Amino acid sequence: MPEQDLSLKDKIKHRIREAGPMSVAEYMTVCLLDPVQGYYPTRDPLGAEGDFITAPEISQMFGEVIGLWCVQSWIDLGRPDTLHLIELGPGRGIMMSDMLRAASLDAGFKAAIQVWLIEASAALEAVQGRTLAAAGVPVQWAARLEDVPAGPSLIVGNEFLDCLPIQQLICNDPFAGKDGWVERRVGLNDDDSLCFVRIDVPAPAGLTQRLPDGASDARKDNLLETCPAVAQIVDGLVERFAEHPGRALFIDYGPEDTEFGDTLQALKRHEKVGVFSDPGNTDLTARVDFAALSEVALAAGLTASAAVPQRELLSKLGVEMRAVALTRVKPEAKAVIARQLHRLTAEDEMGELFKAMCLSSADLPPPLGLR
Ligand code: SAH
């Protein structure tokens, strides 16, 4: 069969037959970002009709209060005349659109901002262009953070870190330090199906040189996930903030402390499916290790807030008051607005599982809503 007619699953299998088991990070990268058959480049996956739904898609209140956080951060930065407002992985552009609507109430902020979107998917880039066509501020796209011109900046990323490729390590010998870890990769079983395989030699040094502090608590056979791309993002922030002040706010699902266990998951039409079931056609994410993010940021000289539950951040930013105000304007939507607020903030919904963490350049006041 000609190469272009093969499914992504068959291409992955072919690659494993030729080169041996593939790292989990490579598997995630191919599935999510293959330019022709990858998940993000080929579709708009969000919303009720798609595979998953995110906080900004649930309610406009989410982006609106984050917009107010941005205005306060701009004030904390000393009201610079030009502010790069950068979003990583903007999805359909809804959060940015809601942020801009709320933040435009401050004319000085509105006059200062230049919006930059960093998006891996051409399909979503087109949607973002449509969503933000009437934003009334300059909107541009950049391939990488490094490509945004220097200057004071605010960076936001909602459910961005969870789709960055992770590596999986298994503790083989808790007393052997870095040499005690082996890698879990993606291979083929006897039926020629994709499966996880444990590579029984010490994992390459590149994977174990920067383990989170919590890794030292590992017991035999504990699985640890690491996300090397986080270090690259932190390096990008350090470079940006070296000359001009800035803050980056990340909101995502994951624990405050490093936890062990396999959290790679695939979603299709809002249901969990097997991670090998349909490569390129299911969303793949893994929980974010906020302790590891904080450790990498602090080691690089940034300031890091605590990982604060989403309900705490939103509440401190006034989301309940926003719900009351919206209900006043649209009394017929009272029940809908109450349900949206519940989804964003309740402990058994997104309120507790999702955390927010702000990484900042030195010498800024503590960010609003965080600690
Ligand atoms: N922030 C949005 C979308 C979250 S989905 C929301 O909350 O609704 C993840 C987003 O990150 C998508 O827009 C996806 O295309 C993008 N993305 C995934 N990997 C990326 C990468 N390596 N670089 C840039 N964008 C990426």
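Please refer to the structure placed before this passage.
Residues numbered from 1 in each chain as written. Predicted model: local features only at pLDDT ≥ 70, side-chain atom pairs only at ≥ 80, totals over all residues. Heavy atoms only, no water.

This part takes up the sheet that holds strand 12 (residues 271-273). Read from one edge to the other, the open sheet built from 3 strands follows the order 12-11-13, with strand pairing classed as antiparallel. Each end of this open sheet is capped by a strand with a single partner; those strands are strand 12 and strand 13 (283-285). Across the sheet, the mean angle from the axis of one strand to that of its neighbour is 40°, orientation sign disregarded. As paired strands, strand 11 (residues 265-268) and strand 12 are joined by 3 bridges and run antiparallel to one another. Bridging across to strand 12, Ala-266 finds its partner in Val-273. (Pairing = 2+ DSSP bridges. Helix = DSSP H or I, 4+ residues; strand = E, 2+ residues; numbered from the N terminus. Axes fitted to C-alpha atoms, helices over the stretch in contact; angles between N-to-C directions.)

Take helix 13 (residues 334-345) next. Here helix 13 spans 17 Å end to end across 12 residues, near enough to the 16 Å set by a 1.5 Å rise per residue. Residues of helix 13 that are buried: Ile-337, Leu-341, Leu-344 and Thr-345. End-on, the buried residues of helix 13 take up no more than an arc of 80°, which puts them together on one face. When the buried face of helix 13 is taken as reference, the exposed residues oriented beyond 90 degrees from it are Ala-335 and Arg-339. Contacts made by the buried residues of helix 13 are with helix 3 (55-58), helix 4 (60-76), helix 11 (310-316), helix 12 (319-329) and helix 14 (350-353). (Expected span 1.5 Å × (residues − 1). Buried < 20%, exposed > 50% of the residue type's maximum accessible area, 1.4 Å probe, protein only. Arc of directions from axis to C-beta. Contact = heavy atoms within 4.5 Å.)

What follows concerns the environment of Trp-116. If you trace the backbone, Trp-116 turns up in strand 3 (residues 113-118). Classification of Trp-116 as buried rests on a relative accessible area of 8%. Taking the C-alpha atoms as reference points, Trp-116 and Lys-272, separated by 156 residues in sequence, lie 33 Å from one another. At a separation of 3.1 Å, a polar atom in the side chain of Trp-116 contacts the side chain of His-84. (Polar contact = N/O pair within 3.5 Å; in protein donor to acceptor, adjacent residues only side chain to side chain.)

With that settled, consider the state of the cysteines. Applying the stated rule across the entire model yields 0 disulfides. With no disulfide partner, Cys-163 has as its closest neighbouring cysteine sulfur the one in Cys-227, 9.4 Å distant. For Cys-163, a relative accessible area of 16% puts it in the buried group. (Disulfide = S-S within 2.5 Å.)

This part takes up the pattern of salt bridges. Applying the stated criterion to the full structure yields 19 salt bridges. A salt bridge links Arg-311 to Glu-352; its shortest N-O distance comes to 2.6 Å. With Arg-311 in helix 11 and Glu-352 in helix 14, this residue pair connects regions lying 41 residues apart in the sequence. Residue Glu-312 is joined to Lys-316 by a salt bridge in which the shortest nitrogen-to-oxygen separation is 2.8 Å. Of the two residues, Glu-312 and Lys-316 both sit in helix 11, 4 residues apart, roughly one turn of that helix. (Salt bridge = Lys/Arg side-chain N within 4 Å of Asp/Glu carboxyl O.)

Here the focus is a negative patch on the surface. Side chains of Glu-146, Asp-235, Glu-239 and Glu-243 sit close together on the surface and give a patch of like negative charge. Along the chain, Glu-239 falls in helix 9 (residues 228-243). (Patch = residues over 30% accessible without salt bridge, like charges linked within 9 Å, V, L, I, M, F, W, Y side chains within 5 Å. Areas by Shrake-Rupley, 256 points an atom, 1.4 Å probe, with all protein chains shown as cover. Lys, Arg positive; Asp, Glu negative; His and termini not counted. Charge placed at Lys NZ, Arg CZ, Asp CG, Glu CD.)

With that settled, the discussion passes to the site of the ligand. Of all residues adjacent to the ligand, which total 19 residues, the nearest are Thr-54, Gly-89, Gly-91, Glu-119 and Asn-158. One of the backbone N or O atoms of Gly-91 is found 3.0 Å from an oxygen atom in the ligand. Here an oxygen atom of the ligand and a side-chain polar atom of Glu-119 are 2.5 Å apart. In isolation the ligand has 570 Å² of accessible area, and contact with the protein removes 91% of it. Here the residues of the shell around the ligand sort into 11 nonpolar, 5 polar and 3 charged. (Near = heavy atom within 4 Å. Nonpolar A, V, L, I, M, F, W, Y, C, P; charged D, E, K, R; others polar.)

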